[in-house]
Amino acid sequence: MLFGLGPPGIDYACDPHPALARLREIAPRYYAPERDAWFFTERTDNAALLRDDRLDITQSSSFADRSDPFRATVVRQLRGWFASCGGLLIQTVSAVTKECLTALIDQGEGDLVPMVAHAIPSRVMASLLGIPAGDLPALQHVAAGLLQSFDLEWDGRPAAVASASRMLDLYFQKHWRSGPATALMDMLRATQAEFALPHASMVDTCSKLFTAGTTTTGASIANILARLVGAVETSDAVRAFHSVDDLLRLDTPVLAIKRVARAEVHLDAAVILPGQKLYLLIGCSNRAPTGERQAPPLTFGLGRYHCLGATLARLEIEALLDAFRPIAPSVRLSGPVQWRESWLLHEARSVPVKIHGVFDAD
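The structure reproduced in this document is the subject of the present report. This structure is a prediction, so every number in the text was calculated from the model and none was measured.

A short note on the pattern of salt bridges
Phase 1: Within this structure, the stated rule accounts for 14 salt bridges.
Phase 2: Salt-bridge contacts for Arg29 lead to Asp45; the nearest nitrogen and oxygen are separated by 2.7 Å. Of the two residues, Arg29 is situated in strand S1 (residues 29-32) and Asp45 in helix H3 (residues 43-50); the sequence distance between them amounts to 16 residues.
Phase 3: Ionic pairing is found between Asp246 and Arg249, a salt bridge with its closest N-O pair at 3.9 Å. Taken together, the residues span about one helical turn, with Asp246 and Arg249 both in helix H13 (residues 244-251) at a distance of 3 residues.
Phase 4: By relative accessible area, which is 30% here, Asp246 ends up partly exposed.
Phase 5: On the basis of relative accessibility, which here comes to 7%, the residue Arg249 falls in the buried class.

Right under this line is the structure:
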């Protein structure tokens with residue numbers, strides 16, 4: 001049973017999209033009584049629900065502080081900062097991407113997931129937040145456990161990293177007090193001082209920026225790399241280099257955005273009761289029939305909770321495509337691609353490759 005209480009199975013984990021497409025055809029608004037949850041597949045429904053103020057986000061999906069003063073200051077400042085600091089972001093992303101691919105080429109083989117997909121967004125966020133390189137492995141491990149909060153519970157699901165949120169909170173409490181004065185940290189500290197914002201809110205902001213800016217982007221890049229290397233294996237490399245929007249549409253790792261109803265919501269015959277969970281299956285909506293693909297993908301959400309780091313994620317994917325394109329024909333799988341077993345996360349966990357050829361690091 002789709003979204004049942006048992007494990008999803010390896011076939012679904014490797015490619016959930018056929019099952020989601022069937023659900024879209026048979027029951028685009030699907031209620032699962034065993035979970036007391038709704039699943040929506042249509043783009044029009046999901047776009048409307050993402051903008052519906054009667055639905056709440058979950059704590060794992062946003063900042064802990066949802067007060068109006070916080071949103072009017074920190075959230076607004078962050079949106080402006082990411083939009084206005086294009087030069088700094090491009091420079092940082094380009095340098096990190098080159099370092100990661102140079103290391104892969106020099107080694108001649110390796111796993112694209114830890115060496116490239118996870119490394120690029122983690123090192124970029126470390127640079128922006130002033131996190132020492134030596135702290136990154138432990139932070140990445142803890143943050144990876146939090147990504148599992150996007151998934152459904154099921155019998156036998158691997159346990160998340162214990163006390164991950166608390167561990168990150170402790171780390172960023174210290175980092176907020178004594179971390180380096182990067183441009184991003186300077187802006188956040190100035191905002192706190194100007195508006196007398198709670199210390200805990202700023203610590204949570206740093207923690208969420210790191211986790212959101214590394215886990216989902218890293219998973220998206222992993223899926224894109226699996227696509228590109230797989231296309232090389234089938235001599236389809238040219239067509240694999242889609243636009244960034246197409247890749248975000250095809251390879252979003254978070255298949256559903258979660259909401260909780262605060263009030264009764266009617267969507268034609270669907271009646272959503274207060275307290276019921278909603279899973280907006282954007283991974284299905286993004287792969288709607290061709291005629292419905294004119295609008296941008298829903299990967300980053302819509303409305304007031306549109307992803308703050310969308311600009312940065314796009315830059316990272318664009319930089320990866322530009323840098324990877326010249327070497328792609330010489331990258332070959334050296335083993336099977338391994339996928340996360342999950343209902344609502346589709347993520348390549350291992351893409352082992354060998355490099356056939358010699359490249360100039362410049």
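Points about the sheet that holds strand S12 (residues 352-355)
Phase 1: Reading across the sheet, the 3 strands line up as S4-S12-S9 and stay open at both edges, with antiparallel pairing between neighbours. The open sheet has two edge strands with one neighbour each: strand S4 (109-111) and strand S9 (331-333). The mean inter-strand angle of the sheet, taken between neighbouring strand axes irrespective of direction, is 30°.
Phase 2: With 3 bridges connecting them, S4 and S12 associate as antiparallel partners.

Here we look at the packing of helix H8 (residues 136-147) against helix H9 (residues 164-178)
Phase 1: Running from amino to carboxyl end, H8 crosses H9 at an angle of 140°, the nearest separation of the two axes being 9 Å. With respect to each other, H8 and H9 are oriented oblique. In this structure, H8 crosses over H9, and the sense of that crossing is left-handed. Judged by residue contacts, Leu139, Val142 and Leu146 of H8 engage Ala164, Ser165, Met167, Leu168 and Tyr171 from H9.
Phase 2: Of the residues in the contact of H8 with H9, the class split is 7 nonpolar, 1 polar and no charged.

Points about the sheet that holds strand S2 (residues 37-40)
Two strands in a sheet stick together by hydrogen bonds in their backbones, pointing the same way (parallel) or opposite ways (antiparallel).
Phase 1: The mixed open sheet is built from 5 strands, whose spatial order is S1-S2-S8-S5-S3. Strands with a single pairing partner mark the edges of an open sheet, and in this sheet they are S1 and strand S3 (55-56).
Phase 2: H3 rests against S1, S2, S3, strand S5 (257-261) and strand S8 (277-280) of the sheet, and its axis sits at about 125° to S8.

Concerning the packing of aromatic side chains
Phase 1: According to the stated counting rule, one finds 11 aromatic pairs in the structure shown.
Phase 2: When the ring of Trp38 is compared with that of Phe40, the centres are 5.9 Å apart and the planes differ by 20°; the resulting orientation is stacked. Side by side, Trp38 and Phe40 carry an identical accessibility label, which is buried.
Phase 3: Seen in terms of ring centroids, Phe39 and Tyr279 are 5.1 Å apart; in terms of plane orientation they differ by 15°. Their pairing is stacked. Of this pair, Phe39 sits in strand S2 while Tyr279 sits in strand S8, and the two are 240 residues apart along the sequence. Each member of the pair, Phe39 as well as Tyr279, carries the same accessibility label: buried.
Phase 4: Ring pairs connect the aromatic residues Phe3, Tyr12, Tyr30, Phe39, Tyr279 and Trp343, which therefore count as one cluster.

A few points about the side chain of Thr191
Phase 1: With respect to the element layout, Thr191 can be found in helix H10 (residues 183-195).
Phase 2: Under the relative-accessibility criterion, Thr191 is labelled buried at 1%.
Phase 3: Discounting chain neighbours no more than four positions away, the residues touching Thr191 are Thr73, Val74, Gln77 and Leu197.

Focus: the nonpolar core
Phase 1: With 75 residues, the main nonpolar core has Leu78, Val116, Leu184, Leu188, Phe210 and Phe324 as its most contacted residues.
Phase 2: Examining the composition of this core, we find that 13 residues originate from one element, helix H11 (residues 199-233), more than from any other.
Phase 3: Excluding residues within four positions of it along the chain, Leu184 makes contact with Leu78, Trp81, Leu128, Leu129 and Leu209.
Phase 4: Listed in part, the 19 residues of the second largest apolar core include Ala19, Leu23, Phe39 and Leu255.

Regarding helix H5 (residues 86-107)
Along an α-helix, residues three or four positions apart point the same way, because every turn accommodates 3.6 residues.
Phase 1: Compared with an ideal rise of 1.5 Å per residue, which puts 22 residues at 32 Å, H5 spans 32 Å between its outermost C-alpha atoms and is within 8% of the ideal.
Phase 2: For H5, every residue scored as buried is listed here: Leu89, Thr92, Val93, Val96, Thr97, Cys100, Leu101, Thr102, Leu104 and Ile105.
Phase 3: In this fold, the buried residues of H5 make contact with helix H4 (68-84), S4, helix H6 (112-117), helix H7 (119-129), helix H15 (310-324) and S12.

Observations concerning the environment of Asp169
Phase 1: Its place among the elements puts Asp169 in helix H9.
Phase 2: Looking at Asp169, its side chain comes within polar contact range of the side chain of Arg166, at 3.1 Å.

Things to note about unusual backbone geometry
Phase 1: Of note in the backbone geometry, Phe3 takes a positive phi value of approximately 65° without being a glycine.
Phase 2: Tracing the backbone shows Phe3 in the segment before helix H1 (10-14).
Phase 3: Phe3 sits in the buried class, given a relative accessible area of 0%.

Analysis parameters
Residues numbered from 1 in each chain as written. Predicted model: local features only at pLDDT ≥ 70, side-chain atom pairs only at ≥ 80, totals over all residues. Heavy atoms only, no water. Salt bridge = Lys/Arg side-chain N within 4 Å of Asp/Glu carboxyl O. Helix = DSSP H or I, 4+ residues; strand = E, 2+ residues; numbered from the N terminus. Buried < 20%, exposed > 50% of the residue type's maximum accessible area, 1.4 Å probe, protein only. Pairing = 2+ DSSP bridges. Axes fitted to C-alpha atoms, helices over the stretch in contact; angles between N-to-C directions. Parallel < 35°, antiparallel > 145°, perpendicular 65-115°, else oblique. Left-handed = near helix turned anticlockwise from the far one by under 90°. Contact = heavy atoms within 4.5 Å. Nonpolar A, V, L, I, M, F, W, Y, C, P; charged D, E, K, R; others polar. Phe/Tyr/Trp six-rings, centres within 6.5 Å; stacked < 30°, edge-to-face > 60°. Core = buried A, V, L, I, M, F, W, Y, C linked by side-chain atoms within 4.5 Å. Expected span 1.5 Å × (residues − 1). Polar contact = N/O pair within 3.5 Å; in protein donor to acceptor, adjacent residues only side chain to side chain.

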